[in-house]
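For reference, the chains in residue letters:
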Amino acid sequence: MEQYTNVRSPSNRARGLTHTSPVEVSLQAALDALGDPVRRRIVRELASVPDWTRPCGTFAHLSVAKSTLSHHFSVLRNVGLLEQRDEGTRRLNRLRREEFDERFPGLLDLVLQEDAARG
């Protein structure tokens, strides 16, 4: 019996993740990414925990579909705000605060203070 290997293309997870450096990002792209309230919430929640401790699955409480949540993570990764790595079946996240602050000083501070300003 013939065995077929690599019949299916690798899954998105198996292909690996690409991460954009904040240096490569325009101000407009950063503002567009942070213009969405769900993405700002993700950023604020990641800022409140140590790096690599928050898997994507722990954001299920946000009122969006799983596919939409994946899109939000991708947008944040593509503007250099987020770094992700796979650990077993979990995808862990790290906010790239230092790198992003170096490129756009003060922008993340405004996002992180948003809830406090409303209070």
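### Some points on the packing of aromatic side chains
Turning to step 1, where the next piece is worked out: All told, the structure shown has 2 aromatic pairs when counted by the stated rule.
Turning to step 2, where the next piece is worked out: Between Phe 59 and Phe 73, the ring centres sit 5.4 Å apart and the planes meet at 80°, which makes this aromatic pair edge-to-face. Here the residue Phe 59 occupies a position in the loop between β1 (54-55) and α4 (66-78), and Phe 73 occupies one in helix α4, the gap between them amounting to 14 residues.
Turning to step 3, where the next piece is worked out: By relative accessible area, which is 0% here, Phe 59 ends up buried.
Turning to step 4, where the next piece is worked out: A relative accessible area of 3% places Phe 73 in the buried class.
Turning to step 5, where the next piece is worked out: Taking the centre distance of 5.0 Å and the plane angle of 50° together, the rings of Phe 100 and Phe 104 count as tilted.
Turning to step 6, where the next piece is worked out: When the ring centre of Phe 59 is taken as reference, the NZ or CZ atom of Arg 54 above it lies at 4.0 Å.

### Section: the nonpolar core
Turning to step 1, where the next piece is worked out: One finds Leu 34, Ile 42, Val 43, Phe 59, Phe 73, Leu 81 and Phe 100 to be the most contacted residues of the largest nonpolar core, which totals 24 residues.
Turning to step 2, where the next piece is worked out: For this core, the secondary-structure elements that each account for two or more residues are α2 (27-34), α3 (37-47), α4 and α6 (107-112).
Turning to step 3, where the next piece is worked out: Beyond its immediate chain neighbours, meaning those up to four positions away, Phe 100 contacts Pro 22, Ala 30, Leu 34, Val 79, Gly 80, Leu 81, Leu 107 and Leu 108.

### Thoughts on the environment of Arg 77
Turning to step 1, where the next piece is worked out: Of note, Arg 77 is situated in helix α4.
Turning to step 2, where the next piece is worked out: Here Thr 18 takes part through its backbone oxygen, which lies 3.2 Å from a polar atom of the side chain of Arg 77.

### Quick word on the sheet that holds strand β3 (residues 90-95)
Turning to step 1, where the next piece is worked out: With antiparallel pairing, the 3 strands of this open sheet are ordered in space as β1-β3-β2. Each end of this open sheet is capped by a strand with a single partner; those strands are β1 and β2 (82-87).
Turning to step 2, where the next piece is worked out: Across 6 bridges, β2 lies against β3 in antiparallel orientation. Bridge pairing in β3 places Leu 82 opposite Leu 95.
Turning to step 3, where the next piece is worked out: Of the strands in this sheet, β1, β2 and β3 touch α3, which is tilted by about 85° from β3.

Rules used throughout
- Residues numbered from 1 in each chain as written.
- Predicted model: local features only at pLDDT ≥ 70, side-chain atom pairs only at ≥ 80, totals over all residues.
- Heavy atoms only, no water.
- Phe/Tyr/Trp six-rings, centres within 6.5 Å; stacked < 30°, edge-to-face > 60°.
- Helix = DSSP H or I, 4+ residues; strand = E, 2+ residues; numbered from the N terminus.
- Buried < 20%, exposed > 50% of the residue type's maximum accessible area, 1.4 Å probe, protein only.
- Lys NZ or Arg CZ within 6 Å of the ring centre and 35° of its normal.
- Core = buried A, V, L, I, M, F, W, Y, C linked by side-chain atoms within 4.5 Å.
- Contact = heavy atoms within 4.5 Å.
- Polar contact = N/O pair within 3.5 Å; in protein donor to acceptor, adjacent residues only side chain to side chain.
- Pairing = 2+ DSSP bridges.
- Axes fitted to C-alpha atoms, helices over the stretch in contact; angles between N-to-C directions.

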